[in-house]
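# Structure assessment
Residue-level listing of the chains:
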Amino acid sequence: MKKKVALIFTGGTISMRIDEKTGGAVPYLSGNELIELVPSLRDLAEIEIYDFGKYPGPHMTLDLMMQLKDIVKNYLETEDIVGAVITHGTDTLEETAYLLDLTINSPKPVVLTGSMKNASEPDWDGERNLIDSIIVAQSKNCKDLGVLVCMNGEINAASEVSKIYSDEIESFKSLDFGSLGFVSKKRVIINRLPRKREYIPSDKIEKDIDIILVHADMSDKFFRFSADSGAKGVVVEALGVGNVPPKAFDGIKYIREKNIPVVLTSRCPAGETMDIYSYYGAGKWLKQIGVIFADYLNGQKAKIKLGLLLGMGCSYDELKKWFEE
């Protein structure tokens, strides 16, 4: 008997075709229409389709991600469903994947996929990605790995993967630790486990969190504006391992004086944040004023995690433990 997999369609490039009037790609295909382009999926599993929407990646919101989380959880609680595959726009795929990874506590595989080419292009990569993801979703090797991202034959952990190229087929990579495994000839090969698994049992997410990118000779303007406009939290994408220019430090200090949590990430595409420098504005100064260091998380993932924790009503000390311990 074929195993049963939930296939949830949210839109993205994988569902797009070229619009004749504008000449650009737009959401077009429903779940059933997409399946018709890849009829071999029916040979791999019994598929239950759910049309969540036709959202381009930039149109996904935190509210939509939380709604999607509830739908996925309901499917996973169904006894005959062995796993779930979600198609998604690649621009925000890593954020949705990480939110689901933090809020779903199930041994069943959840796999996000998409495509870098639209369905009107001759080299459309959606077919392979869908096939591989259905294989991964029903693989025993992928149980208890958390939420996964399957693109271009690679399997990556939601907590580690990022989109690193704007339009290349091999856009999704885990730069710090490498992929978990790959799909080859309908086989799933897993080489390692995710570095860290976390579960945050939150049904709410705080959305009023700003991300501020640090650059050379930066002023305190945006930091002060964020604090004065009512932000509930701020994520700072700092230089290097976690350092900022002097005026930017003054702005961060202004935020902390208002007891607003500040989480520090690096603007570098790989590496962690650490307090190893002690000049004015460096990591040790930031530590002293209560800035929370985000380990290996990038800015967009840190915002998701901070939002879920604030949604649970976590105190500053609890936030610090979640991020640093």
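A brief report on the enclosed structure follows. None of these values were measured; they are calculated from a predicted model.

As a further point, take the pairing of strand β7 (residues 147–151). Summarising burial for β7: five of the five residues are buried, a large majority. Here β7 shows a buried face lined by V147, V149 and M151 and a second buried face lined by L148 and C150. Here three bridges tie strand β6 (residues 110–113) to β7, and the two strands are oriented parallel to one another. Bridge pairing links V111 to L148 in β7. In this fold, β6 hands off to helix α5 (residues 126–137), which returns the chain to β7; that crossover is left-handed. With four bridges joining them, β7 and strand β8 (residues 154–157) adopt antiparallel strand pairing.

In this structure the tally under the stated criterion is 19 salt bridges. Across the pair K207 and D63 runs a salt bridge, and its minimum N-O distance is 2.8 Å. Linking K207 in the loop between β12 (187–190) and β13 (209–213) with D63 in helix α3 (residues 62–76), this pair joins segments that are 144 residues apart in sequence. Residue K207 is classed as partly exposed on the basis of its relative accessible area, which comes to 44%. Classification of D63 as partly exposed rests on a relative accessible area of 39%. The residue K287 makes a salt bridge to E324 at a minimum N-O spacing of 3.1 Å.

Definitions and limits used
Residues numbered from 1 in each chain as written. Predicted model: local features only at pLDDT ≥ 70, side-chain atom pairs only at ≥ 80, totals over all residues. Heavy atoms only, no water. Buried < 20%, exposed > 50% of the residue type's maximum accessible area, 1.4 Å probe, protein only. Helix = DSSP H or I, 4+ residues; strand = E, 2+ residues; numbered from the N terminus. Pairing = 2+ DSSP bridges. Right-handed = clockwise from strand over helix to strand, strands pointing away. Salt bridge = Lys/Arg side-chain N within 4 Å of Asp/Glu carboxyl O.

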